[in-house]
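One letter stands for each residue in the lines below.
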Amino acid sequence: MAVFQAAQALEMAMGMEVNGEAFYRAVSEKTDDEELKGLFEELASQERGHYEVFERMAEGVEPAPEIPEQAAEEYEAYVEVALDQAVFRGEDKALRLAERAEDRETALRAAMGLEKDTMLFYYDLREMVDESDREVITDVIREERQHLARLAKMV
């Protein structure tokens, strides 16, 4: 059951991917660690690909069914709190986080937090979209999980 507009959720997902790409690119540009640079450039590219997936999905979503206003408001408040508490929300926060990533471990731990927050949001997003789009979200979750595993191996 879609609790609020899938289009709104997909817009949030696209924003998260833009911010993830900005973080990975900023760290890759400033680091001298060639292994980290290569991984973060690759992850930035994959975040761009996820953005494009969500953008295509957003073009075809139908409005969510009518639900009680209170339920919609409560769920929207939940999502806003979850996103506000995320490792970064908003490109400026992503870039500030990248600026503070002065060493390999700090950068990797920040990236791991990003991937965990992103996966949690996408689990909820998967329940908001049409059933025909759920497997696409599941595929993105799998990729985010792989990102997390790759980052954890480097810590």
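Residues numbered from 1 in each chain as written. Predicted model: local features only at pLDDT ≥ 70, side-chain atom pairs only at ≥ 80, totals over all residues. Heavy atoms only, no water.

A. Representation of the pattern of salt bridges within the structure. Enumeration according to the criterion identifies 10 salt bridges in this entry. Here R142 ties to E135 by a salt bridge, and the two come within 3.2 Å at their closest N and O atoms. Judged by relative accessible area, which is 45%, E135 ranks as partly exposed. Through salt bridges that share partners, E21, R25 and R48 make up one connected network. (Salt bridge = Lys/Arg side-chain N within 4 Å of Asp/Glu carboxyl O. Buried < 20%, exposed > 50% of the residue type's maximum accessible area, 1.4 Å probe, protein only.)

B. The packing of helix α2 (residues 34-59) against helix α6 (residues 134-154), seen in detail. Two elements in contact, α2 and α6, have axes separated by 11 Å at closest approach and are oriented at 170°. When the axes of α2 and α6 are compared, the pair comes out roughly antiparallel. The crossing of α2 and α6 is left-handed. For the pair α2 and α6, the contacting residues are E35, L36, L39, F40, E42, L43, Q46, E47, H50, V53, F54 and M57 in the first and V136, I137, V140, E143, E144, H147, R150, L151 and M154 in the second. Split by residue class, the contact of α2 with α6 holds 12 nonpolar, 3 polar and 6 charged. (Axes fitted to C-alpha atoms, helices over the stretch in contact; angles between N-to-C directions. Helix = DSSP H or I, 4+ residues; strand = E, 2+ residues; numbered from the N terminus. Parallel < 35°, antiparallel > 145°, perpendicular 65-115°, else oblique. Left-handed = near helix turned anticlockwise from the far one by under 90°. Contact = heavy atoms within 4.5 Å. Nonpolar A, V, L, I, M, F, W, Y, C, P; charged D, E, K, R; others polar.)

C. Inspection of the packing of aromatic side chains at higher detail. According to the stated counting rule, one finds 5 aromatic pairs in the structure shown. Pairing Y24 with F40 gives two aromatic rings, centres 4.9 Å apart and planes at 75°, and the pair type is edge-to-face. Residue Y24 is located in helix α1 (residues 6-30), and its partner F40 is located in helix α2; the two are separated by 16 residues in the primary sequence. Since its relative accessible area comes to 0%, Y24 is described here as buried. Relative accessible area serves as the criterion here: at 0%, F40 is assigned to the buried category. Pairwise contacts between aromatic rings join F23, Y24 and F40 into one cluster. (Phe/Tyr/Trp six-rings, centres within 6.5 Å; stacked < 30°, edge-to-face > 60°.)

D. Examining helix α5 (residues 104-128) more closely. Under the 1.5 Å per step criterion, the end-to-end length of α5 is 36 Å for 25 residues, consistent within 8% with the ideal 36 Å. Two or three places before E105, at the opening of α5, D103 has a side-chain oxygen 3.1 Å from that residue's backbone nitrogen. (Expected span 1.5 Å × (residues − 1). Polar contact = N/O pair within 3.5 Å; in protein donor to acceptor, adjacent residues only side chain to side chain.)

E. Representation of the packing of α5 against α6 in the model. At a minimum axis separation of 9 Å, α5 and α6 run at an interaxial angle of 160°. As summarised for this structure, α5 and α6 are arranged roughly antiparallel, according to the angle between their axes. When the axes of α5 and α6 are compared, the crossing they make is left-handed. Its residues placed into classes, the contact of α5 with α6 shows 14 nonpolar, 3 polar and 8 charged.

F. Summary view of the environment of L120. Tracing the backbone shows L120 in helix α5. For L120, a relative accessible area of 58% translates into the label exposed. Counting along the chain gives 21 residues from L120 to I141, while the straight-line C-alpha distance between them is 8.9 Å.

G. Spatial organisation of a negative patch on the surface. A surface patch of negative charge is lined by E29, D32, E34 and E41. Mapped onto the secondary structure, E41 falls in helix α2. E41 sits in the partly exposed class, given a relative accessible area of 39%. (Patch = residues over 30% accessible without salt bridge, like charges linked within 9 Å, V, L, I, M, F, W, Y side chains within 5 Å. Areas by Shrake-Rupley, 256 points an atom, 1.4 Å probe, with all protein chains shown as cover. Lys, Arg positive; Asp, Glu negative; His and termini not counted. Charge placed at Lys NZ, Arg CZ, Asp CG, Glu CD.)

H. Layout of the nonpolar core. Within the largest apolar cluster, 23 residues are counted, with the highest numbers of intra-cluster contacts made by F23, Y24, V27, L36, F40 and L151. Where this core is concerned, the elements lending two or more residues are α1, α2, α4 (91-100), α5 and α6. Considering every element that reaches this core, the biggest residue donor is α5, with 7 residues. Contact partners of L36, with chain neighbours within four places excluded, come to V27, T31, R104, A107, L108 and M154. Counting residues in hydrophobic clusters, the runner-up holds 18 residues, among them M14, M16, V53 and L125. (Core = buried A, V, L, I, M, F, W, Y, C linked by side-chain atoms within 4.5 Å.)

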